[in-house]
Amino acid sequence: MKTFGSLTHKHGVIADCNEKACQMLKLPRSEIIGTNFFDYMRNEDKPRALEMMTKHHEYLIDFKFQHPNGGEVEVSVWPEAASVSAHSNRTVYFRVKDT
């Protein structure tokens, strides 16, 4: 069974994450909490990701996470299935994309 990374955020600011997210980003949880989800994306991926995440309740988007210390990993990202309001925290899941 694959383990998925998960990030809980409000308007992009990360409030929580699981251990797999820490492993994928190669950072301790304490350095991820409070950062912006979009800081881990390449600049060229941000407009498309923002559009998908703000205009659609269901989506699957592929882009590359940038490690703050260098390197990239291609991931697939999708939202939690539960319907949430714009004022709620949202959880997104991601996994390393199969090549």
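Above this text sits the structure in question.
One structure accompanies this document, and this report is about it. (Residues numbered from 1 in each chain as written. Predicted model: local features only at pLDDT ≥ 70, side-chain atom pairs only at ≥ 80, totals over all residues. Heavy atoms only, no water.)

**Re the pattern of salt bridges**
Let me state the cut-off plainly: The working definition used for a salt bridge is a side-chain nitrogen of Lys or Arg within 4 Å of a carboxyl oxygen of Asp or Glu. Numbering of helices and strands runs from the N terminus, with a helix taken as a DSSP run of H or I at least four residues long and a strand as a DSSP run of E at least two residues long. Partly exposed residues are those whose accessible area sits between 20% and 50% of the maximum for their type, while under 20% is buried and over 50% is exposed, using a 1.4 Å probe and protein chains only.
Tallied over the entire structure, the rule returns five salt bridges. Of the charged contacts, one joins Asp16 and Arg29 as a salt bridge, the two residues approaching to 2.4 Å between their closest N and O atoms. One end of the pair, Asp16, is in strand β2 (residues 13-17); the other, Arg29, is in helix α2 (residues 29-32), with 13 residues separating them in the sequence. Take Asp16: its relative accessible area is 33%, and that puts it in the partly exposed class. Connected via shared salt-bridge partners are Arg42, Glu44, Asp45 and Arg48.

**Concerning the pairing of strand β4 (residues 72-79)**
For clarity, the cut-off: Strands pair, by our definition, only if DSSP identifies at least two bridges between them.
With six bridges connecting them, strand β3 (residues 61-66) and β4 associate as antiparallel partners. When the bridges of β4 are listed, Lys64 appears paired with Glu74. Taken together, the five bridges between β4 and strand β5 (residues 90-96) define a ladder with antiparallel strand orientation. Its bridge partner lying in β5, Ser76 is registered against Arg95.

**A short note on the nonpolar core**
To keep things clear, this is the line we draw: Throughout this description, the term nonpolar core refers to a set of buried Ala, Val, Leu, Ile, Met, Phe, Trp, Tyr and Cys residues connected via side-chain atoms within 4.5 Å. Every residue pair with non-hydrogen atoms within 4.5 Å of one another is taken to be in contact.
By size, the foremost hydrophobic cluster in this structure holds 24 residues, and its most contacted members are Leu7, Ile32, Phe37, Phe65 and Val77. Looking at this core, the elements that each hand over two or more residues are β2, α1 (19-25), α3 (46-55), β3, β4 and β5. The element that contributes the greatest number of residues to this core is α1, accounting for four residues. Apart from residues no more than four positions distant in its own chain, Leu7 is found in contact with Ile14, Asp16, Cys17, Ala21, Ile32, Phe37, Arg90, Thr91, Val92 and Phe94.

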